[in-house]
Structures are given as C-alpha cells and as structure tokens.
Amino acid sequence: MLKRLAALLLVVMMLPVCAMAQEVVNVFNWEEYIDESVLQQFEEETGIHVNYMYFTTNEDMLVQVEANPGAFDVVFPSEYCVQQLNAKGLLAEINLDNIPNFKNIRTSLLDPTYDPGNAHSVPYMWGTLGILYNTEMVDEEDVKTWNVLWNPKYTGQVLMMDSLRDAMGIALKLQGYSMNSQQFPELQSASELLKTQKTSGMVKAYGLDEFKDKMVAGEAAMAVVYSGDAQYAIELNDKLAYSIPEEGSNVWVDCAVIPASARNVANAEKFIDFLCRPDIAVKNVEEIGYCCVNEPAIEELGEEYAASEVTNPTDETIANCEYFTALDANMLLIYNTLWMDVKNAK
C-alpha cells in the first residue's frame, strides 16, 4: 500500500511539470548575429522557446555539431562549412515546402555550387570581400583592380587581411586563376606574389576585425575587408568608399541548416521560415549590417540601400565572384605551408 501511495504521489507531483512542458528550438549561431528582439517576437508568435547558443568560428561549430548529436536544431555555417557538414553526413535535407518564405530569397543566391538546389541550406546573410579605401588618399581608378595592393604609390599604406584563403584568393584572382585553385604551380605563384607584397614594404599591418576602426581613424590608405565591415566604417567616415575589383572576388554566404540529428525539426523549419519573412529580415540586416538575402526586404530597406555596391551588389558582380569551396586535409596543409612562407618572409 505504501508503495502504491508513493507511486501515486510521484505521478501527481509530475503533472504540473508535464503541464508546463514547452516546445523548444535549439539554435547555434555566430555571436551578435541576430536582432535579439527577433527571438522574443518568434517566441511570442509561436509559443516556441528559443535556446540560443553562440560559436565564434566555423571550425569550432563543426566540432560541436559532430560531438553533440541532438544538441542543435538550427545552425548557421558559412558556405564552405555547409559542404563539410554535408560530406560528413551531418545535415538533414530541408523540406522547402515547410518554408514558404524561401520564395523571398534573392534569385542569384539560389542553387549555389556549395549546395546544389539548396537541398540542405537556406541563405541568411551574405557579403563580399573588397577594398575599403580613403578617397582623399587613393585614386578611384586604382582600386578597380587588386593590383593596387602592390602599387608602389601606396607603399606602407595597405592593411592586408590575415586570412589564408582570402589573401591567397586575391593573389590567385589577380593572376587570372580561381580562388579555389588546387594546382600547385598556381598556388606557389600566388604565394610568391604575396611575399613580394610583404618584402617590398607595401603592407602596413596584417589583421582582420580591427581594420574597420583603423580606417575610420585614417590610419591607412586602404584595407582588405568584408563588405559588412566596410559599411560600418563608411557610416562613420564619409571619406571612405568600397570597391570590388574587376578581376572578381569572394562572395560568402552564412546559411541556416538543420543537423541530421535535430530533435525538433518542425520547430527548426518554423524558425528558418520566420527569418525569411521580409519584416524580420529587415530587422536583422539593420542590426547586423551585412547584405540582405531577402528581395522584398531589400525594397523595404530603401533606394540608398538597394543602390549601394556595399550593401546590395549587382547580379553581375556576384556572377564575377566565387564561393570558397572546402579543402581536404592535404590541400589545406599545402595552403597553410605556403601562407606561412608569406608570413615568415623578410
């Protein structure tokens, strides 16, 4: 009898817990990569609670997804990492019928080489790699080509990106090669070109995120940056402008994906569809500053936004750019070795 009473008491005690059980979606995104009011609005409209978690690099994120099956329902990798995740069998196919707002995605970003047919990914934010320059120190005609980074006229005034794929990609593009080249002679030629840039004194500093503030402060003539950083700097200093050189560049896309091990797939689809709504896309773009993937939202953001090559590059510009593709371990070792040769050159 005592055992029966104890069992009944346990059931009664559990009832309130069951009544309070709530639908959830576990989201794994980059730091500071969403308007936080969007999360609250999603919860209010759907009743689904968002467990929001952060990562700082694609590589760290990939390790976490692989090591913790079932922990994440929506993840936001960059395009080359979509390839890596899919190659490892870590991504679910996305049922686009359950994401009706997918229709709002910019046509030129659909059916990408990194994920044909968008079978596993939905674009979230995107941008380009280019040159942020001071119009009072640099001739506009000069920055139409990547060769400006080797132009003696600007010796000691170049802030060069400390990123092996971006730096090697620029040197490859300048010589007419693909940014994704896996031909050793082409890679070696790119490395030699970058060594020349360094040893000739062209480079004032290597870096990354800090460049936007250095350019705002007028500390250099030009910097290789991502378009989002360029927009940030231009808003703070009207002497600055941005160029995507005519040889072409990198176009990157951060995507929403659903891990194959996701436990709340329906809620993940609802969350992704919510992000694809024009009003939500506007909020996120205004908060983050990168390029908008959502065509109706671009119209809402206004004529100045739509006409800017920084915030809304043309389809022709996109067609002249390349997505980075994932490298296997052997090729990555070659890239790393050649990049270290550049960094150690004197």
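Whatever comes next refers back to the structure up there.
One structure accompanies this document, and this report is about it. Since we're looking at a predicted model, the values are computed, not measured.

## With respect to the nonpolar core
So, point 1. Among the nonpolar cores identified, the biggest contains 79 residues, and V74, F76 and F271 are the most heavily contacted of them.
So, point 2. F271 has contacts with V25, V27, I34, L39, F42, V50, V74 and F76, leaving out every residue within four places of it along the chain.
So, point 3. If you look at the next biggest cluster of nonpolar residues, it comprises 34 residues, including W146, L149, A171 and L187.

## A few points about the pattern of salt bridges
So, point 1. Scanning the entire structure with this criterion turns up 13 salt bridges.
So, point 2. For K88, the salt bridge goes to E66, with nearest N and O atoms at 3.7 Å. Of the two residues, K88 sits in the loop between α4 (79-87) and β4 (122-134) while E66 sits in helix α3 (residues 58-67), which places them 22 residues apart along the sequence.
So, point 3. Residues D229 and K212 are paired through a salt bridge, measuring 3.9 Å at the closest nitrogen-oxygen approach. One end of the pair, D229, is in helix α8 (residues 227-236); the other, K212, is in helix α7 (residues 211-216), with 17 residues separating them in the sequence.
So, point 4. Among the residues examined, K212 registers a relative accessible area of 17% and is labelled buried.
So, point 5. Several salt bridges share partner residues, and in doing so they unite E45, R277 and D279 into one network.

## Side note on the packing of helix α6 (residues 184-199) against helix α14 (residues 329-344)
So, point 1. Packing of α6 against α14 leaves a shortest axis separation of 8 Å and a crossing angle of 20 degrees. Here α6 lies roughly parallel to α14, going by the angle between them. Once α6 is placed against α14, the crossing between them reads as right-handed. Contacts between α6 and α14 pair F184, L187, Q188, S191, L194, K195 and K198 from the former with M331, I334, Y335, L338, W339, D341, V342, K343 and N344 from the latter.
So, point 2. Split into classes, the residues belonging to the contact of α6 with α14 amount to 9 nonpolar, 3 polar and 4 charged.

## Digging into the environment of E136
So, point 1. Checked against the element boundaries, E136 lands in the loop between β4 and β5 (158-161).
So, point 2. By relative accessible area, E136 is classed as exposed at 57%.
So, point 3. Measuring from C-alpha to C-alpha, the distance between E136 and K239 comes to 6.8 Å, with 103 residues separating the pair along the chain.

## Here we look at the sheet that holds strand β1 (residues 24-30)
So, point 1. Ordered in space as β2-β1-β3, the 3 strands form an open sheet in which the pairing is parallel. Of all strands in the sheet, those bounded by a partner on one side alone are β2 (49-55) and β3 (74-75).
So, point 2. Where β1 and β3 come together, 2 bridges link them in parallel fashion. Looking across to β3, one finds that F28 is bridged to V75.
So, point 3. With respect to the sheet, helix α2 (residues 36-46) is in contact with β1 and β2, its orientation differing from that of β2 by roughly 155 degrees.
So, point 4. Relative to β1, α3 is tilted by about 150 degrees, and along the sheet it contacts β1, β2 and β3.

## A word on the packing of aromatic side chains
When we look at a pair of aromatic rings, we describe it by the centre distance and by the angle of the planes.
So, point 1. This model, assessed by the stated rule, comprises 12 aromatic pairs.
So, point 2. Taking the centre distance of 5.0 Å and the plane angle of 70 degrees together, the rings of F28 and F55 count as edge-to-face. Of this pair, F28 sits in strand β1 while F55 sits in strand β2, and the two are 27 residues apart along the sequence.
So, point 3. Under the relative-accessibility criterion, F28 is labelled buried at 6%.
So, point 4. Note on F55: relative accessible area 4%, which makes it buried.
So, point 5. Residues F42 and F271 carry aromatic rings whose centres are separated by 5.1 Å and whose planes lie at 85 degrees to one another, so their mutual orientation is edge-to-face. Separated by 229 residues along the polypeptide, F42 in helix α2 and F271 in helix α9 (residues 265-275) bring together distant segments of the chain. You'll find F42 and F271 in the same group, each marked buried.
So, point 6. K212 extends its terminal NZ or CZ atom over the ring of Y232, reaching a point 5.6 Å from the ring centre.
So, point 7. Taking the ring centre of Y206 as reference, the NZ or CZ of K343 above it sits at 5.4 Å.

What counts as what
- Residues numbered from 1 in each chain as written.
- Predicted model: local features only at pLDDT ≥ 70, side-chain atom pairs only at ≥ 80, totals over all residues.
- Heavy atoms only, no water.
- Core = buried A, V, L, I, M, F, W, Y, C linked by side-chain atoms within 4.5 Å.
- Buried < 20%, exposed > 50% of the residue type's maximum accessible area, 1.4 Å probe, protein only.
- Contact = heavy atoms within 4.5 Å.
- Salt bridge = Lys/Arg side-chain N within 4 Å of Asp/Glu carboxyl O.
- Helix = DSSP H or I, 4+ residues; strand = E, 2+ residues; numbered from the N terminus.
- Axes fitted to C-alpha atoms, helices over the stretch in contact; angles between N-to-C directions.
- Parallel < 35°, antiparallel > 145°, perpendicular 65-115°, else oblique.
- Left-handed = near helix turned anticlockwise from the far one by under 90°.
- Nonpolar A, V, L, I, M, F, W, Y, C, P; charged D, E, K, R; others polar.
- Pairing = 2+ DSSP bridges.
- Phe/Tyr/Trp six-rings, centres within 6.5 Å; stacked < 30°, edge-to-face > 60°.
- Lys NZ or Arg CZ within 6 Å of the ring centre and 35° of its normal.

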